[in-house]
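Residue-level structure breakdown
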Amino acid sequence: MTRLAVYPGSFDPITRGHEDLIRRGLAIADRVVVAVATQMSKEPLFTLEERVDLVKTVFGRTPRLEVRRFDGLLMDFAQALGAQMVVRGLRYVSDFEYEYQMALMNRKLAPEIETLFLVPAFDLTYLSSSLVREVARFGGNVRGLVHPAVSRALTAKFRSTHRSRR
Ligand code: PNS
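Report follows, based on the coordinates. Sequence order as written defines the numbering, with residues in each chain counted from 1. Note on the predicted model: pLDDT of at least 70 is required for a residue's local features to be given, and 80 or more for side-chain atom pairs to be given and counted; whole-chain, interface and lining totals, by contrast, use all residues. To get the side-chain values, all heavy atoms of the structure are used, and hydrogens and water are removed first.

**With respect to the pattern of salt bridges**
The working definition used for a salt bridge is a side-chain nitrogen of Lys or Arg within 4 Å of a carboxyl oxygen of Asp or Glu. Scanning all chains against the criterion turns up 11 salt bridges. In this structure, arginine 68 engages glutamate 66 in a salt bridge whose closest nitrogen and oxygen atoms are separated by 2.6 Å. For arginine 68, a relative accessible area of 34% puts it in the partly exposed group. In this structure, a network of salt bridges that share partners links the residues Arg16, Glu19 and Arg23. Here the term buried applies to any residue with accessible area under 20% of the maximum for its type, exposed to any over 50%, and partly exposed to those in between, with areas from a 1.4 Å probe on protein chains only.

See the structure below:
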């Protein structure tokens, strides 16, 4: 049996923390599908296409890894793929409540799919897409926090945002 893990998220944009989690997912599953959410509660910085393309750029042709977009319920998507597990990262205590609620609700929707919480590398624990966006927005250095392609995309995005506001 092929063990398929879905790693869902907004990836707005993908960070070194996400990359770390994807590699950990690949170590425990036969295949990993990175599932980029179409619908988000708040307006994303990057379009869906940009978020998907950045994940693809960062990982290139990595064997056993696929990048897909999804809309609607995560569990419908995971069931349609025949996934056995959903991987989520747990960084700090503040993540826990939301993640726990989501895992329980997801189990109610699809009892056969397990949620696996993985802990990121020590130096990536305090990293989030929102912090990266914030730093980049004000011209700060995000080297080491994101792949160079993501760093370039952030610079271009904020340059065009600033220009369009002028
Ligand atoms: O990177 P994020 O923003 O923490 O990802 C959250 C995401 C996209 C994984 C979550 O919001 C989600 O699964 N959305 C799809 C809709 C859904 O299934 N919601 C019910 C979860 S209980």
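**Comments concerning the nonpolar core**
Note on terminology: a nonpolar core comprises buried Ala, Val, Leu, Ile, Met, Phe, Trp, Tyr and Cys residues joined through side-chain atoms within 4.5 Å. Grouped together as the largest cluster of nonpolar side chains are 35 residues, with contacts concentrated most on Ile14, Ile22, Val32, Val34, Val36, Val55 and Leu154. Secondary structure elements are defined from DSSP: runs of H or I of at least 4 residues count as helices, runs of E of at least 2 residues count as strands, and each element is numbered from the N terminus. Elements supplying a minimum of two residues to this core: β1 (4-9), α1 (16-28), β2 (31-37), α2 (48-59), β3 (65-70), β4 (85-89), α5 (129-137) and α6 (148-165). Element by element, the count of residues in this core is highest for α2, at six residues. It only takes one pair of heavy atoms within 4.5 Å for two residues to be counted as in contact. If we skip the residues at most four places from it in the chain, valine 55 touches Phe11, Ile14, Val34, Val36 and Val67.

**Regarding the sheet that holds β3**
On the basis of which strands lie adjacent, the open sheet formed by five strands has the order β3-β2-β1-β4-β5 and parallel pairing. Whereas interior strands pair on both sides, the edge strands pair on one side only; in this sheet they are β3 and β5 (114-118). Averaged over all adjacent pairs, the angle separating strand axes in this sheet is 30°, with direction ignored. Packed onto the sheet, α1 meets β1, β2, β3, β4 and β5 and runs at close to 125° relative to β5. Strands were regarded as paired on the criterion that DSSP finds at least two bridges between them. Fitted lines through C-alpha atoms serve as axes, helices being fitted only where they are in contact, and the angles separating the N-to-C directions of these axes extend from 0 to 180 degrees.

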